[in-house]
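An overview of the molecular structure
Chain by chain, the residues run as shown.
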Amino acid sequence: MYKKLKKLHHLNVFLFFLLLLTGILLYWPAFRQHYPQQRIWARDVHIIIGLYLAFLLLRFLYRGLADHWDRLAKQGAVGKKANLTFIVVVTAIMTVSGIILWGQRLLPFWLNSVSLVFHDWTVIIALPFIIFHMVTRMWWVRKQRKAVGDTTYVPKTLASLPRRDVLKFGIGALIALIVGPVLYQSMKTKWSASTGKIDQLANVVRGDKNHLVPKPKPLPASRPPKGGGYEGRFRIYTVTPIPAFDNQSWDFRIDGLVKHKQHWKWQEFITLPRKVQVSDFHCVTGWSVYHVTYEGIPLTQLLKMAGVKSSATHVKFYSGDGVYTDSLTVKQAQMNDVMVAMLMDGKLIPSEFGGPVRLIVPKMYGYKSVKWLNRIELIDHDHTGYWEQRGYSKNAWLS
């Protein structure tokens, strides 16, 4: 019986570690950029393992937790009880938030966003704990313990601290290093907001790579309320290195099945009549940003200028990175809130957010809102976009 439980424990530890590993890969921008197809596989593996571990957790809570707790209490194992509590709580949070993210299409967006934050933080907290747990139970550590006759012995590289102190100080220092800068930035942002000096774009963007002049003068409606602007945090996702543009390298085209092909350079493009709209942005990975003020050209206006031929059935969008594409049906493209945007909260959209020009499709998930947009082509067939080729659903509607 003991050997059977030991094997089961090792299997669960391995699966939990694999769950954390695939979760890190899903979060890691470089993995998304260089291995997009493998990312889809990692997502599927992550979901399958997560559901399996959720089943095991429920089974343990129902059939084994009380008995195991009583055994530890009789042994007077205070440390083991704390360890069990930590594992159960972290696993429960990770499980519930993961299930919510898995079924996000059926749930409110705010719940998805909150769940994503909890899911991220449980990984950050649990990973060093799991690594420490695995290392201190490796055969060479056990061998050293037996050699000195001390069950609390740890390798000399960790000095002479007992294992519980190493765990306590190690995790505490790691959390301090991670949480400290986050709390500092959070407090700084709140202070700026309270003094009316907050600038959401400046607070997030690390530096715009684009060098385009002149800057378009925003319409009065583009200016967000004092101390306001969008609510939430954009996560910078990209499948290629972020491109940079200047007046020589940037242009915008509409071609394909149109009556009048269109071509603009930057100085001409910014003179086109623009409108302002406020909409939310929802990513398929679970996060959302609310009340973003966009200024740009309604797609219907551009299509009207080009004149769509009756044989056209789809609108294909090209990214200036030379890789990313996606499409809408002509009917979808004629929704009144689909916009070719160039300003966000009264400022030129930075390169990290898909500027200088990006598509905005508020009623669909963000992967339809092509970044660095520089070409629109009318076609007579369906086009499978970059992420849809790699496993994303063609049904990108929010609900």
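The structure under discussion appears in the preceding block.
Residues numbered from 1 in each chain as written. Predicted model: local features only at pLDDT ≥ 70, side-chain atom pairs only at ≥ 80, totals over all residues. Heavy atoms only, no water.

1. Looking at the pattern of salt bridges
- Applying the stated criterion to the full structure yields 10 salt bridges.
- In this structure, Asp120 and Arg235 form a salt bridge, with 2.6 Å as the shortest nitrogen-oxygen distance. Highlighted residues: Asp120 in helix H6 (residues 109-135) and Arg235 in the loop between strand S1 (231-232) and strand S2 (251-256), separated in sequence by 115 residues. (Salt bridge = Lys/Arg side-chain N within 4 Å of Asp/Glu carboxyl O. Helix = DSSP H or I, 4+ residues; strand = E, 2+ residues; numbered from the N terminus.)

2. Remarks on the pairing of strand S3 (residues 262-265)
- Of the two faces of S3, the one lined by Gln262 and Trp264 is fully buried and the one lined by His263 and Lys265 carries no buried residue.
- Pairing geometry for S2 and S3, over four bridges, is antiparallel. Bridging from a neighbouring strand, Ile254 pairs with Gln262 of S3. (Buried < 20%, exposed > 50% of the residue type's maximum accessible area, 1.4 Å probe, protein only. Pairing = 2+ DSSP bridges.)

3. Quick notes on helix H11 (residues 299-306)
- Residues Leu299, Leu302, Leu303 and Ala306 constitute the buried set of H11. For H11, the arc enclosing every buried residue in end-on projection is 100°, short of the 170-degree limit, so these residues lie on one face.
- Gly307 sits one or two residues past H11 and shows a positive phi near 75°. (Arc of directions from axis to C-beta.)

4. Regarding the packing of aromatic side chains
- All chains considered together, the criterion is met by 15 aromatic pairs.
- Between the aromatic rings of Phe252 and Trp264, the centroid separation amounts to 6.2 Å while the plane-to-plane angle is 45°, which identifies the pairing as tilted. Residue Phe252 is found in strand S2, and its partner Trp264 is found in strand S3; the two are separated by 12 residues along the sequence. The burial state of Phe252 is the same as that of Trp264; both residues are buried.
- Each ring, one from Trp387 and one from Tyr392, has its centre 5.0 Å from the other, and the planes form 25°; the classification is stacked.
- Overall, Trp387 belongs to the buried group, its relative accessible area being 4%.
- Here Tyr392 falls in the buried class, since its relative accessible area comes to 8%. (Phe/Tyr/Trp six-rings, centres within 6.5 Å; stacked < 30°, edge-to-face > 60°.)

5. Some words on unusual backbone geometry
- With omega at 0°, the peptide bond leading from Val213 into Pro214 counts as cis.
- Note on placement: Pro214 falls in the loop between helix H9 (200-204) and S1.
- Cis geometry is adopted by the peptide bond preceding Pro356, which originates at Gly355 and carries an omega value of 20°.
- Here His291, not a glycine, exhibits a phi torsion of approximately 55°, which is positive.

6. Some details on the side chain of Asn210
- If you trace the backbone, Asn210 turns up in the loop between H9 and S1.
- Residue class for Asn210 comes out buried when judged on its relative accessible area of 4%.
- Polar contacts involving the side chain of Asn210 include one to the main-chain amide nitrogen of Phe245, which spans 3.0 Å.
- In this view, Asn210 contacts Pro243, Ala244, Phe245, Ser351, Gly355 and Pro356; residues no more than four positions away in its chain are not counted. (Polar contact = N/O pair within 3.5 Å; in protein donor to acceptor, adjacent residues only side chain to side chain. Contact = heavy atoms within 4.5 Å.)

7. Description of the sheet that holds S3
- Pairing within the open sheet is mixed, and its five strands lie in the order S3-S2-S11-S6-S7. Across the chains shown, the open sheet's two edge strands, defined by having one partner strand only, are S3 and strand S7 (325-329). Each neighbouring strand pair of the sheet contributes to a mean axis angle of 15°, computed without reference to strand direction.
- Running at roughly 120° to S3, H11 makes contact with S2, S3, strand S6 (314-319) and strand S11 (373-379) of the sheet. (Axes fitted to C-alpha atoms, helices over the stretch in contact; angles between N-to-C directions.)

Keep in mind these values describe shape, not function.
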